[in-house]
Amino acid sequence: MHIKKLVLDNFKSFGRRTEIPFYEDFTTVSGPNGSGKSNIIDSVLFALGLARTRGIRAEKLTDLIYNPGHADGSEESSGPREAIVEVVLDNGDGTLDRAQVVNAAGSENVGDVDEITIKRRVKETEDNYYSYYYLNGRSVNLSDIQDLLAQAGVTPEGYNVVMQGDVTEIINMTPHERRQIIDEIAGVAEFDAKKADALEE
Ligand code: ATP
Ligand code: MG
């Protein structure tokens, strides 16, 4: 399974609906400082529910909505205050099967699961804000998304996303700590935890 496409609409510096295609093997994003490269990564973490606001460099969720005056701190314009990010996953290799998607969506009506679309919206009103998740067009909860992605090996604690600074941290670790990361990636850590639980009982 891999990301096929991102659609950013009013998210952070992307004030216009922007479609970003991803290749199967390797995609790099380049651009000048401040052009929005990291914002693209933030959009994935946001849509897939993989990070808290701090992890995506925002104090509150509504800071993620495009604000034309962001750089100079001037007042935001009126009009719709809503950001939408859509992550289109190519599931052509069957990483997730239909039953898993149906189960997460709570509906048989999920269309073709060769493609899995996870969408998140954050909407700001006069005195409140709302956050919504969708799986292949069906409204779902964050836990549904997280449970589904975990079955494909994508978790908030995982190393699917390696952030700036993580590499330095890994270099500075003790060999034992580094070994724990390898266990985590290899999926061994899960069994160590289960074994420890079993021995305790
Ligand atoms: P670098 O090469 O320095 O890492 P980058 O390409 O990763 O840069 P980002 O951090 O993705 O750049 O983008 C930063 C820009 O995004 C800043 O100019 C900031 O003002 C803008 N930005 C962040 N949030 C918003 C927002 N809500 N509305 C408008 N612009 C925003
Ligand atoms: Mg950056």
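These figures come from a predicted structure and were not determined experimentally.

Thresholds, definitions, all that
Residues numbered from 1 in each chain as written. Chains lettered and ligands numbered in written order. Predicted model: local features only at pLDDT ≥ 70, side-chain atom pairs only at ≥ 80, totals over all residues. Helix = DSSP H or I, 4+ residues; strand = E, 2+ residues; numbered from the N terminus. Buried ≥ 20, exposed ≤ 12 C-beta atoms within 10 Å, placed from the backbone. Contact = placed C-beta atoms within 7 Å. Pairing = 2+ DSSP bridges.

Engineer: Please explain the overall build of the chain as it appears in this structure.
Structural biologist: Within the chain one finds 6 helices and 6 strands. Reading the chain from its N end, one meets helices and strands in the order β-β-α-β-α-β-β-β-α-α-α-α. Seen along its three principal axes, the alpha-carbon backbone of the chain occupies a region of about 60 × 45 × 35 Å. Of all 201 residues assigned to the chain, the portion counted as buried reaches 19%. Taking as baseline every contact in the chain between residues at least 6 positions apart, the subset at least 24 positions apart corresponds to 60%.

Engineer: Just to check I follow, could you spell out the pairing of strand 1 (residues 2-9) for this structure?
Structural biologist: Sheet faces and side chains relate simply in a regular strand, where the side chains alternate between the two faces. Examined bridge by bridge, strand 1 and strand 3 (residues 82-90) share 7 bridges and lie antiparallel to one another. Residue Val7 lies in a different strand from strand 3, and its bridge partner there is Glu86. Summarising the sheet, strand 1 and strand 2 (residues 18-21) pair through 4 bridges and their orientation is antiparallel. If you follow Leu6 over to strand 2, its bridge partner there is Ile20.

Engineer: Hey, could you run me through unusual backbone geometry in this one?
Structural biologist: Glycine aside, negative phi is the norm for most residues, and most peptide bonds take the trans geometry. In this structure, Lys12 takes a positive phi of about 45 degrees despite not being glycine. By the element assignment, Lys12 lies in the loop between strand 1 and strand 2. The exposure class of Lys12 is buried, given the 24 C-beta atoms found within 10 Å. You will see that Arg57, though not glycine, has its phi angle at about 55 degrees, which is positive.

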